[in-house]
Amino acid sequence: QVHLVESGGGLVQPGGSLRLSCAASGNIFRPYTMGWYRQAPGKRRELVAAISSDGSALYGDSAKGRFTVSREDAKDTVYLQMNSLQPEDTAVYSCNYRQTLGSQDYWGQGTQVTVSS
């Protein structure tokens, strides 16, 4: 059992920044990959960014150049720094945890990010 707690979402103006955090607790076993996905109404869920145990990161096309994913293993926490936010970034952002040697995904409850003037 893995519990994910997300924070940092909210309302921001276009061009602004937000930093999302996701802390994992419970049966945490390394190595693991953590990342962020997002889904807007009427849209498919898409990868925003993910980071593996060795620190290698993967970004979705919409995030490349604007967002940065990082992890702090001492806290079992992943971060998503989002800069130059646009209205198109408005979505529910969900944290994902996956043990590298396992097959089960765990998800946070999701946090709403709204970019609007």
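1. Describing the overall build of the chain
And then number 1: The helix and strand inventory of the chain stands at zero helices and eleven strands.
And then number 2: In the chain, the order of α-helices and β-strands from amino to carboxyl end is β-β-β-β-β-β-β-β-β-β-β.
And then number 3: Taking 2.2 N^0.38 as the reference for a compact globule, 117 residues should give roughly 13 Å; the C-alpha atoms of the chain span a radius of gyration of 14 Å, in line with that estimate.
And then number 4: Over its C-alpha atoms, taken along the principal directions, the chain stretches across nearly 40 × 25 × 25 Å.

2. A short note on the sheet that holds strand β3 (residues 18-26)
And then number 1: Spatially, four strands are ordered β1-β3-β8-β7 in an open sheet, and the strand pairing comes out antiparallel. Whereas interior strands pair on both sides, the edge strands pair on one side only; in this sheet they are β1 (2-7) and β7 (67-72). Strand-to-strand twist of the sheet, defined as the mean angle between neighbouring strand axes without regard to direction, takes the value 15°.
And then number 2: Relative to strand β8 (residues 77-82), β7 runs antiparallel, the two sharing six bridges. Within β8, the residue paired with Val69 across the bridge is Leu80.

3. Focus on the packing of aromatic side chains
And then number 1: Counted according to the given criterion, the structure contains three aromatic pairs.
And then number 2: Put simply, the rings of Tyr32, Tyr97 and Tyr106 touch in pairs and so form one group of aromatic residues.
And then number 3: Note that Arg19 overlies the ring of Tyr79, its terminal NZ or CZ placed 4.0 Å from the centroid.
And then number 4: Between the NZ or CZ atom of Arg45 and the centre of the ring of Tyr37, over which it lies, the distance is 5.5 Å.

4. Points about the state of the cysteines
And then number 1: Considering all chains together, one arrives at one disulfide under this definition.
And then number 2: Disulfide partner of Cys22: Cys95, at an S-S distance of 2.1 Å. In this structure, the disulfide formed by Cys22 and Cys95 twists by about -90° around the S-S bond and is classed as left-handed. Taken together, the positions of Cys22 in strand β3 and Cys95 in strand β9 (residues 91-99) put the pair 73 residues apart, joining distant regions of the chain.

5. Things to note about the pattern of salt bridges
And then number 1: Applying the stated criterion across every chain yields a total of six salt bridges.
And then number 2: As a salt-bridge pair, Asp89 and Arg38 come within 2.9 Å of each other at their nearest N and O atoms. Taken together, the positions of Asp89 in the loop between β8 and β9 and Arg38 in strand β4 (residues 32-39) put the pair 51 residues apart, joining distant regions of the chain. Arg38 carries the same exposure label as Asp89, and that label is buried.
And then number 3: Of the charged contacts in the structure, one is a salt bridge between Arg66 and Asp89, with a shortest N-O distance of 2.7 Å. With Arg66 in the loop between β6 (57-59) and β7 and Asp89 in the loop between β8 and β9, this residue pair connects regions lying 23 residues apart in the sequence.

Definitions and limits used
Residues numbered from 1 in each chain as written. Predicted model: local features only at pLDDT ≥ 70, side-chain atom pairs only at ≥ 80, totals over all residues. Heavy atoms only, no water. Helix = DSSP H or I, 4+ residues; strand = E, 2+ residues; numbered from the N terminus. Rg over C-alpha atoms; globule rule 2.2 N^0.38 Å. Pairing = 2+ DSSP bridges. Axes fitted to C-alpha atoms, helices over the stretch in contact; angles between N-to-C directions. Phe/Tyr/Trp six-rings, centres within 6.5 Å; stacked < 30°, edge-to-face > 60°. Lys NZ or Arg CZ within 6 Å of the ring centre and 35° of its normal. Disulfide = S-S within 2.5 Å. Salt bridge = Lys/Arg side-chain N within 4 Å of Asp/Glu carboxyl O. Buried < 20%, exposed > 50% of the residue type's maximum accessible area, 1.4 Å probe, protein only.

By themselves, these observations are geometric and do not establish any function.
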